[in-house]
Amino acid sequence: MIALIVDLKIFFYYDLFFFCFQLSLLEEGWRDLFILTAAEQQFSLNISDVVSKISKNENLKSDIEHFQDLILKFKHMDIDANEFICLKSLVLFKTVLSNCQTMTNTHLHDLHTIAYLQDQAQILLNTYINKQYPSQPHRFAKLIHLLAGLRSISSLTIEELFFRQTIGDKTHMEQLVKDMYQINMASIVANST
Amino acid sequence: MALLLKESSDLISAYHFRHHHHHPIPPTFHHSLSSPPITSPPSLIHPTPKYPLDLRTSIIEQQHQANDAHESAARILFSAINWAKTVPAFVALSNHDQV
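Let me sum up the structure you'll find in this document. Note on numbering: residues in each chain are counted from 1, in written sequence order. Whichever chain is written first is A, and whichever ligand is written first is 1; the rest continue in order. Only residues with pLDDT of at least 70 get local features here, since the model is predicted, and only at 80 or more are side-chain atom pairs given and counted; chain-wide, interface and lining totals rely on the full set of residues.

Next up on the list: the overall build of chain A. By definition, any uninterrupted DSSP run of H or I lasting at least four residues is a helix, any uninterrupted run of E lasting at least two residues is a strand, and each is numbered from the N terminus. A tally of helices and strands in chain A yields eight helices and zero strands. In sequence order, the secondary structure elements of chain A are arranged as α-α-α-α-α-α-α-α. Exposure classes come from backbone-placed C-beta atoms, where a residue is buried if 20 or more other C-beta atoms lie within 10 Å of its own, exposed if 12 or fewer do, and partly exposed in between. Burial analysis of chain A (193 residues in total) assigns 33% to the buried set. Counted over contacts in chain A with a minimum sequence separation of 6, partners at least 24 positions apart contribute 81%. C-beta atoms are first placed from the backbone for all residues, and any pair lying within 7 Å is then listed as a contact.

Below, the structure written as structure tokens:
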């Protein structure tokens, strides 16, 4: 009986630990995932509506232009579904979690796993592009370059621009990301029982 | 490799292959790439989140235009997070050490 309880505790600990770890990756990568998904789903923003509300902030304005410019560039590349999967995997599996607020005591083993997954995503993207788009030898480099462009848009801008009105002043984006993730988990559990 | 194309059992076995540390690229790698694109892009067919949107649905309905952007932004974020949950390697992060 005691052994069972100990087992359960260990099980619970791992569950909690890795759950936190997944959240950390999402906390770190939500901005990039958001922009990539926006590009994938051809999200178009009626800029005048948004800008009129926050026109007082010039920084925000230039960031909006950046955002639209980036979406347009992704559109011009005509990225297919498989490429998007690779790109999103690349931004999801990050070994450096700099913006992350959730404290995780990450094992070295997990960092190796993440690094490996990131490598594999890159290799797969490269191989896929070589096979699928032989006439565009620079396509892989261009896509990677576009990914780097994601960093030029601050998470705060995205938060301010798209989510402030929805989540109010007191909620942080990270909380919203966590809640969305957990709701998802909860509904899966509810459906399976 | 299973992280990328979830439907392919080849790729999932390739993912487990990783734990043996033999080759960085599994033998099924090229084979799996030759199949046509099989994964449809994430869609908005997931159930709408109960939070935070429905708390504010009436507000969103009252104000339009800019709010469309806010609503679709929330949907996009939700579908981005949902996508992560479909990545076997991401979900496996919570499992691979439990055994």
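Time to look at the nonpolar core. Most often, soluble globular proteins have nonpolar side chains that are buried together. Only buried Ala, Val, Leu, Ile, Met, Phe, Trp, Tyr and Cys residues enter a nonpolar core, and they are joined through C-beta atoms within 7 Å. Ranked by internal contacts, the top residues of the largest apolar core, which has 53 residues, are F34, C86 and V177 of chain A together with L77 and I81 of chain B. No other element matches the ten residues that helix α1 (residues 2-40) of chain A contributes to this core. For V177 of chain A, the residues in contact, after removing those within four places along its chain, are L26, E27 and W30 of chain A together with I81 of chain B.

Residue and element names in this part refer to chain A. Helix length check: helix α6 (residues 139-150) (twelve residues) gives 17 Å between terminal C-alpha atoms against 16 Å at 1.5 Å per residue, within 8%. Every buried residue belonging to α6 is among R139, L143 and L150, and all of these are buried. All buried residues of α6 lie within an arc of 40° about the axis, which places them on one face of the element. Exposed and oriented more than 90 degrees from the buried face of α6 are A141, H145 and A148. To estimate how far a helix should reach, multiply one less than its number of residues by 1.5 Å. Regarding the arc, it is the one traced by the directions from the helix axis to the C-beta atoms.

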